[in-house]
Structures are given as structure tokens and as C-alpha cells.
Amino acid sequence: MTKKRVRTIGVLTSGGDAPGMNAAIRAVTRTALGKGIKVRGIRQGYQGLLEEEIIDLSARDVSDTIQRGGTILQTARCDQMKTEAGQQKAAAICKKYGIDGLVVIGGDGSFRGAEKLANLGVNTIGVPGTIDLDIACTDYTIGFDTAVNTAMEAIDKVRDTSTSHQRCSIIEVMGRDAGFIALWCGIANGAERILMPEEHDYDEKKIIEDIQASKERGKKNYIIINAEGVGDSLNMAKRIEEATGMETRATILGHMQRGGSPTCKDRVYASIMGSMAVDLLAEGKSNRVIGYKHGEYTDFDINEALKMTKEIPPHHIEVAQELAL
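Cut-offs and rules
- Residues numbered from 1 in each chain as written.
- Predicted model: local features only at pLDDT ≥ 70, side-chain atom pairs only at ≥ 80, totals over all residues.
- Heavy atoms only, no water.
- Helix = DSSP H or I, 4+ residues; strand = E, 2+ residues; numbered from the N terminus.
- Buried < 20%, exposed > 50% of the residue type's maximum accessible area, 1.4 Å probe, protein only.
- Lys, Arg positive; Asp, Glu negative; His and termini not counted.
- Salt bridge = Lys/Arg side-chain N within 4 Å of Asp/Glu carboxyl O.
- Contact = heavy atoms within 4.5 Å.
- Pairing = 2+ DSSP bridges.
- Axes fitted to C-alpha atoms, helices over the stretch in contact; angles between N-to-C directions.
- Right-handed = clockwise from strand over helix to strand, strands pointing away.
- Phe/Tyr/Trp six-rings, centres within 6.5 Å; stacked < 30°, edge-to-face > 60°.
- Lys NZ or Arg CZ within 6 Å of the ring centre and 35° of its normal.
- Patch = residues over 30% accessible without salt bridge, like charges linked within 9 Å, V, L, I, M, F, W, Y side chains within 5 Å.
- Areas by Shrake-Rupley, 256 points an atom, 1.4 Å probe, with all protein chains shown as cover.
- Charge placed at Lys NZ, Arg CZ, Asp CG, Glu CD.
- Polar contact = N/O pair within 3.5 Å; in protein donor to acceptor, adjacent residues only side chain to side chain.

This part covers the side chain of glutamate 172. Considering the arrangement of structural elements, one finds glutamate 172 in strand β6 (residues 168–173). This buried residue, glutamate 172, is left without a salt bridge; arginine 176 holds the nearest opposite charge, at 9.3 Å. Sequence-distant contacts of glutamate 172, defined by excluding residues within four places in its chain, comprise Asn226, Ala227, Glu228, Gly231, Asp232, Ser233, Thr251, Ile252, Leu253, Gly254 and Gln257.

Following this line, the structure appears as C-alpha cells:
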């Protein structure tokens, strides 16, 4: 039996924005058009799909976008998509607009929506886009490289002034449930301490003792990288200053980590993943998520991907601790 040819592909970005999403949108659009497939962009993620914010995309529409941060299609959270009624409505709208293939660029929550649409007959492919690097099936997620480099450069600047004033600096980076940005920045910036949500039992008393010992050795500053999921940076700074007598300041980098022009790595990887998503749809594949594992681009069943778990390698934590001595 001949497979039904995909004639129209929809593309949306969902959840938190990430640098490199535009590169993926551009790749989806141009790869599809090159195969004679029509492309429809869906604004505001699943929310926009439910509200029928759907536009046609041409090669010119995605011109001069690869270097831009954020997402030209914009994004939003959508609680309605978590309901059966919302999922049924989304599938019906896809059918109404002739969308027989859908590329969803986002994280685990976005992939759960993609899985539901695939079960309702919409051929769907997920592309991992999140700065947190917390999607278990892949070693790379669109946006992480840019975000971690943005944070690293900001921390370098904070260290300069921390050294000048002989301060302790607590720098809070993004990562509500995952500490990858904190760990990478901790190693890259030579931090004395890294606090991550994966380690719930950090001992503030030991940090205070270490700061006091560092002062006695003549050390002029002390850098703590704190993940958003640990939080409490402002109060922690007050407690440390009171206990050590060392001037302590908290800096919360916040959403600046989501913005900015994507790095070369994010542009290239996102482009390859976006193009691969179209190839899979053209082959009649559905309910797949693209990943990058052991140096190769690959794809997984979304159901299997969502069951996978991901942890920070213990050896990486050990290295960070050894280098902070």
C-alpha cells in the first residue's frame, strides 16, 4: 500500500523560547518547500493552534532570521492542550487547515502534546528546544550552548568587580529542575561552589566555613553559582555576609540567558534537526522526537523518549569539586 504523501507541514514553537529556534523554523520551511511541501507557521505554540493563528510561510518569510534570538513564531504555555477536549480540537484544526504533518519545537511538555496529536492522526515530529538541556533522549538541546555562553560571559564580568571589592558573589542562573547551566558555568568560570537542584542537601554552614578558610588563606573573592531551582540567592547573601563579615552580593541573571543571537553550534544543530524533521515526515514517520546521541543525529519514539531519565554525570560534579580546591 502506497503511503499518503505529506502535502502540508505545520511548524510551531512551544514552552520557553530558546536561541536557535529560528534556525530550526527556517530549516523546516526551506527543506519542506524544496520537496514541494507547503508550510504553515503556527503562532504562539499550541495556544495559537487552538486559536487558529496560522499563516503560510515562504522561503522569504524565514530569510534573515537565523541570527535572531527568540522565535519569530512566538511561543506560549497552553493548559488547554493538556485536556482531551483541547487535544481533539487541535487535531480537528490541523485537519481543517490541511496540516498532515506537524513539527513541534520545544521540551518534554511540548512533546506530550505532540504525542497526543500523533495518536489522533496528525503525523508529528518533535525537535528538542530548551536552554536547560534536560531532555533525556538527547545530549544536545537547541539553545543550551547560547544560554550557557551568555551566562559564562556575564559571570566573568561579575567576577571582575567581585575581585575589585573583595566580595563573595552569588550568581543565580536558570535551571528550575536541572543544573546543567549551573554546572557548566561553575566549571567554565572557576567557581568555588556550585548549587544545583539535583543536590538537595547542600550545607550552607560548610560554605560559610569554606569562605572563612579562603579569607584566611588570602583569597580575595569567592564565587557561588546557584541554580534557579535552589534559589533564595538574596537571603543566602545576607546570611553569608552576616556569618563571615565578607561583603556578599547576589546577582540574578534571569531571562537574559534566553535571549541573544544564537551561537554557531545552536544554528547548525538546529538547522540539521529541523531539516531532519521534514525528512522523517516525508518518509511517513510520526510520533518521533529527534535527538543527538554519541555524536550522531537520531530519532526516538516519543513515548520511549518521555520515559527516559537524565542525570548529571557524577564524574562531572567530582571534576568541578576538585578544580574548586
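Turning our eyes to something else, we now look at the pairing of β6. The buried count for β6 comes to six of six residues, which makes it a mostly enclosed element. Neither face of β6 is exposed, since Cys168, Ile170 and Glu172 on one face and Ser169, Ile171 and Val173 on the opposite face are all buried. Of the pairings in the sheet, the one linking β6 to strand β9 (residues 248–252) comprises five bridges and is parallel in character. Bridge pairing in β9 places isoleucine 170 opposite alanine 250.

Attention now moves to the sheet that holds strand β10 (residues 288–293). Hydrogen bonding along the main chain pairs the strands of a sheet, whether they run parallel or antiparallel. Strand order in the open sheet formed by seven strands is β3-β2-β1-β4-β5-β10-β11, with mixed pairing between adjacent strands. Two strands in the sheet have a free side with no partner beyond their single neighbour: β3 (54–56) and β11 (296–301). The mean angle between the axes of side-by-side strands here comes to 25 degrees, regardless of whether they run parallel or antiparallel. When strand β1 (residues 8–13) meets strand β2 (residues 38–42), the two strands line up parallel, connected through four bridges. Its bridge partner lying in β2, glycine 10 is registered against arginine 40. Here helix α9 (residues 264–282) sits on the sheet and contacts β1, β4 (101–106), β5 (123–128), β10 and β11; the angle it forms with β5, its principal contact strand, is near 165 degrees.

With respect to burial, β2 is a largely interior element, four of its five residues being buried. Read from β1 through helix α1 (residues 21–34) to β2, the crossover connection turns out right-handed. When β2 meets β3, the two strands line up antiparallel, connected through three bridges. Residue pairing across strands places glycine 41 opposite isoleucine 55, the latter belonging to β3.

Moving on: the sheet that holds strand β7 (residues 193–195). Spatially, four strands are ordered β7-β8-β6-β9 in an open sheet, and the strand pairing comes out parallel. Sheet topology places β7 and β9 at the edges, where each strand pairs with a single neighbour. Between one strand and the next, the sheet's axes are offset by a mean angle of 15 degrees, whatever the strand orientation. Sitting on the sheet, helix α6 (residues 180–188) touches β6, β7 and β8 (222–227), and the angle it makes with β7 is about 175 degrees.

On to the packing of aromatic side chains. Scanning the entire structure with this criterion turns up five aromatic pairs. Plain terms: the ring middles of tyrosine 292 and tyrosine 297 are 4.8 Å apart, the flat faces sit at 65 degrees to each other, and that makes the pair edge-to-face. Its relative accessible area of 25% is what places tyrosine 297 among the partly exposed residues. Across the ring face of phenylalanine 180, the terminal group of lysine 310 is positioned such that the distance to the ring centre comes to 5.2 Å.

Take a positive patch on the surface next. A cluster of basic side chains, namely Lys4, Arg5, Arg7 and Lys95, defines a positive patch on the protein surface. Structurally, lysine 95 can be placed in helix α3 (residues 84–96). What makes lysine 95 exposed here is its relative accessible area of 72%.

A separate point is the environment of isoleucine 25. Here isoleucine 25 lies in helix α1. Between the alpha carbons of isoleucine 25 and lysine 219 there is a distance of 48 Å; along the sequence they are 194 residues apart. With sequence-adjacent residues up to four places away left out, isoleucine 25 is seen in contact with Val11, Thr13, Leu57, Val62, Thr71, Ile72, Leu73 and Ile105.

Considering the arrangement of structural elements, one finds threonine 141 in the loop between β5 and α5 (144–165). The class for threonine 141 is buried, based on a relative accessible area of 0%. One polar contact links the side chain of threonine 141 to the main-chain amide nitrogen of leucine 133, over a distance of 3.4 Å. Setting aside residues up to four positions removed in sequence, threonine 141 forms contacts with Pro128, Thr130, Leu133, Ile135 and Asp266.

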